[in-house]
Amino acid sequence: MALKNLKKDPSLTDKAYSAIKSAIMSNELTPGTVLAEENLASQLGISRTPLRAALQRLQHEEIVMQNGKNMVVAEVTERDVRDISVVRIQLEPLAIHLLSQNGGITAKQLDRLYLCGEKQLYALRSGDSEAFLDQDALFHVSLAQLTGNSFLTDLVIKSNETIRRFHTLSGSLLFHAEEAVQEHTVVLDYLRDGRFDLAEQALRSHLEQVQQRMFAQ
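It should be emphasised that the depicted structure is a prediction, and the values quoted were computed from it without experimental measurement. In this numbering scheme, every chain counts its residues from 1 along its sequence in written order. Owing to the predicted nature of the model, reporting of local features is limited to residues with pLDDT of at least 70; listing and counting of side-chain atom pairs is limited to 80 or more, with chain, interface and lining totals taken over all residues. With hydrogens and water excluded, all non-hydrogen atoms of the structure serve as input to the side-chain values.

Enquirer: Describe the packing of helix 7 (residues 129-145) against helix 8 (residues 150-170), with residues and values.
Expert: Two numbers describe how helix 7 lies on helix 8: the axes approach to 9 Å, and their chain directions differ by 160 degrees. The orientation of helix 7 relative to helix 8 falls into the category roughly antiparallel. Of the two possible hands of crossing, helix 7 and helix 8 adopt the one that is right-handed. Contacts between helix 7 and helix 8 involve Glu130, Leu133, Asp134, Ala137, His140, Val141, Ala144 and Gln145 on the former and, on the latter, Leu152, Thr153, Val156, Ile157, Asn160, Arg164, His167 and Thr168. Note on residue classes: Ala, Val, Leu, Ile, Met, Phe, Trp, Tyr, Cys and Pro are nonpolar, Asp, Glu, Lys and Arg are charged, and everything else, Gly too, is polar. Classifying every residue of the contact of helix 7 with helix 8 gives seven nonpolar, six polar and three charged. Lines fitted to C-alpha atoms define the axes, with helix axes restricted to the stretch in contact, and inter-axis angles between N-to-C directions lie between 0 and 180 degrees. The numbering of helices and of strands both runs from the N terminus, where a helix is a DSSP run of H or I of at least 4 residues and a strand a run of E of at least 2. Convention used here: angles under 35 degrees read as roughly parallel, angles over 145 as roughly antiparallel, angles from 65 to 115 as roughly perpendicular, and any remaining angle as oblique. Should the near helix be turned anticlockwise from the far one by less than a right angle, the crossing is termed left-handed; should it be turned clockwise, right-handed. Residue contacts follow a heavy-atom distance rule, with two residues in contact if any of their heavy atoms lie within 4.5 Å.

Following this line, the structure appears as structure tokens:
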């Protein structure tokens, strides 16, 4: 008997989770917004049961929070971002160190990472900040994924989601968007040349610059 591949048929909970999370990440649902179950269920065309499960997943990720009887979109505070940045500066360069120990990176994998930068520049010229941030996150998360270390990848995803929300709320990234892409390219150039030590330093420097730029506006 052949069983249906569930991955090809996302559940209502998965769909609700993705829709709400996307609206939060793009700031369509702003911090402090009350996520009224009846209203959300009506908009999404689903019952409250899968909606509640979706909200619980988002609460676990600390993207929404309980406020009395209601769920609300969580704030992103400057303290949150500073704390995450301190960890991120130490965490993400570990991906390059692990890559150097695991046989490096292939030309095909590098091409995909370089493509992130090309797409970022196109998004920048098109005025598409969401597409720019999509590719920015993809660059950082992809480096972690290439290590095969799922725990590292989960931490990088979580930290980048918070940083992304801060960028969206503050508009801080786009003031130095081209600089960020150039810094990514430096990292990749070192990886292409097999200079993992310099790639690691360049990524750490990039993250330090991102931290400084976020609070310089």
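Enquirer: Got a sec to walk through empty space enclosed by the protein? Specific residues and values, please.
Expert: Lining residues are those with an atom within 4 Å of a point, where the points come from a 1 Å grid over the protein atoms alone and group into cavities, where a 1.4 Å probe fits but cannot get out, or pockets, open sets with protein on both sides within 12 Å along at least five of seven lines. Grid points are joined across faces, edges and corners, and a volume is the space filled by probe spheres set on the points. Enumeration according to the criterion identifies four cavities of 30 Å³ or more in this entry. For the largest cavity, the calculated volume is near 100 Å³. Along its surface, the largest cavity is lined by 14 residues, and Arg88, Asp136, Asn160, Ile163 and His167 are the ones closest to its centre. Within the lining of the largest cavity, the residues separate by chemical class into six nonpolar, five polar and three charged.

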